[in-house]
Amino acid sequence: SDNAPTNVTYRIERSKNNLANFQTISTTKSKQFEDNLNFENGATYFYRIIAEDATSESPYSNTVEIKVPVNSSAIFTDDNPNSGAILPQFQ
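Thresholds, definitions, all that
Residues numbered from 1 in each chain as written. Predicted model: local features only at pLDDT ≥ 70, side-chain atom pairs only at ≥ 80, totals over all residues. Heavy atoms only, no water. Helix = DSSP H or I, 4+ residues; strand = E, 2+ residues; numbered from the N terminus. Buried < 20%, exposed > 50% of the residue type's maximum accessible area, 1.4 Å probe, protein only. Contact = heavy atoms within 4.5 Å. Areas by Shrake-Rupley, 256 points an atom, 1.4 Å probe, with all protein chains shown as cover. Pairing = 2+ DSSP bridges. Axes fitted to C-alpha atoms, helices over the stretch in contact; angles between N-to-C directions.

Chemist: How should the overall build of the protein chain be read in this particular structure?
Modeler: When helices and strands are tallied, the protein chain shows 0 helices and 4 strands. Mapped in sequence order, the helices and strands of the protein chain form the string β-β-β-β. Considering the protein chain as a whole, with its 91 residues, one finds that 30% of them fall into the buried category. Once local pairs closer than 6 in sequence are excluded, the contacts in the protein chain between residues at least 24 apart make up 46%. Of the roughly 6400 Å² that the protein chain leaves accessible, carbon and sulfur atoms contribute 45%.

Encoded structure:
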């Protein structure tokens, strides 16, 4: 569960194909985020979140790895294209 106060902003960072070179792709006050940026087939993307308020920021969240299938326009929960798209989950 999210115990963050209501005045928190979440900074979403993404890195492509490695665990370095993270770049901020969005900031939001919402507890949900959808990455609408173009994905490259066959690439692996890593996501992490930092919560920040007017005086401080949290440590990085756990890092989530998303692998884009080579011949697909969606990301699936496993290798089954019938499983449906997923969104990164952070704790």
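There's more to say after this.
Chemist: Quick question: what am I supposed to make of the sheet that holds strand β4 (residues 64–67) here?
Modeler: Within a sheet, adjacent strands bond to each other through the backbone by hydrogen bonds, running parallel or antiparallel. One open sheet accounts for 4 strands, arranged β2-β1-β3-β4; its pairing is antiparallel. A strand with exactly one partner marks an edge of an open sheet, and here the two such strands are β2 (23–28) and β4. Averaged over all pairs of adjacent strands, the angle between strand axes in this sheet comes to 25°, irrespective of strand direction. Across 5 bridges, the pairing between strand β1 (residues 9–16) and β2 is antiparallel. Its bridge partner lying in β2, E13 is registered against T24.

Chemist: Any chance you could explain the pairing of strand β3 (residues 44–52) here in plain terms?
Modeler: On a regular strand, each side chain points to the face opposite its neighbour's, so the side chains alternate between the two faces of the sheet. Burial analysis of β3 places 8 of its 9 residues in the buried class, the great majority of the element. Judged from the 8 bridges that link them, β1 and β3 form a sheet pairing that is antiparallel. Note that in β3 the partner of R11 across the bridge is I50. As defined by bridge partners, β3 adjoins β4 across 4 bridges and the pair is classed as antiparallel. Across the sheet, residue Y47 finds its bridge partner in β4, namely V64.

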